[in-house]
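Residue-level structure breakdown
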Amino acid sequence: MTDFETKRLDRITRLHDRAANLRRRGEVLQKAGMDALRLIPFGQPILIGHHSERRDRNYRERIRGNFEIAFEAGAMADHNVSKA
């Protein structure tokens, strides 16, 4: 095996490993978001003017952020696999 082939194989392996790690991270974040989402009763609106409004908005924003990061991690994993 030539030096070029060795480097190429190492790069492919590294990209596949990185893709697997990104997919795992995305799955963990998606599961965390779903678990947090289950705590909000279905159809429960944000109670405008209630003392818990700000906390509820922040909670929902964290859930949205988890899903967004999970989606980006999945996209990056696909990108790494296509590069490999």
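Let us look at the structure shown here. These numbers come from a predicted model, not from an experiment.

**As for the overall build of the chain**
Helix and strand counts for the chain come out as two helices and zero strands. A compact globule built from 84 residues should have a C-alpha radius of gyration of about 12 Å, whereas the chain, at 20 Å, is more than 25% larger. The 84 residues of the chain split such that 20% are buried. Carbon and sulfur atoms form 57% of the exposed surface of the chain, whose accessible area is close to 6,700 Å². Separation of charge centres in the chain, based on 17 positive and 12 negative side chains, amounts to 3 Å.

**Observations concerning the pattern of salt bridges**
What the rule picks out here adds up to eight salt bridges. In this structure, Lys31 engages Asp35 in a salt bridge whose closest nitrogen and oxygen atoms are separated by 2.9 Å. Here Lys31 pairs with Asp35, and both are found in helix H1 (residues 3–37), just four residues apart, close to one helical turn. Put simply, Arg64 and Glu68 hold a salt bridge, and the shortest N to O gap is 2.5 Å. Taken together, the residues span about one helical turn, with Arg64 and Glu68 both in helix H2 (residues 53–83) at a distance of four residues.

The rules behind the values
Residues numbered from 1 in each chain as written. Predicted model: local features only at pLDDT ≥ 70, side-chain atom pairs only at ≥ 80, totals over all residues. Heavy atoms only, no water. Helix = DSSP H or I, 4+ residues; strand = E, 2+ residues; numbered from the N terminus. Rg over C-alpha atoms; globule rule 2.2 N^0.38 Å. Buried < 20%, exposed > 50% of the residue type's maximum accessible area, 1.4 Å probe, protein only. Areas by Shrake-Rupley, 256 points an atom, 1.4 Å probe, with all protein chains shown as cover. Lys, Arg positive; Asp, Glu negative; His and termini not counted. Charge placed at Lys NZ, Arg CZ, Asp CG, Glu CD. Salt bridge = Lys/Arg side-chain N within 4 Å of Asp/Glu carboxyl O.

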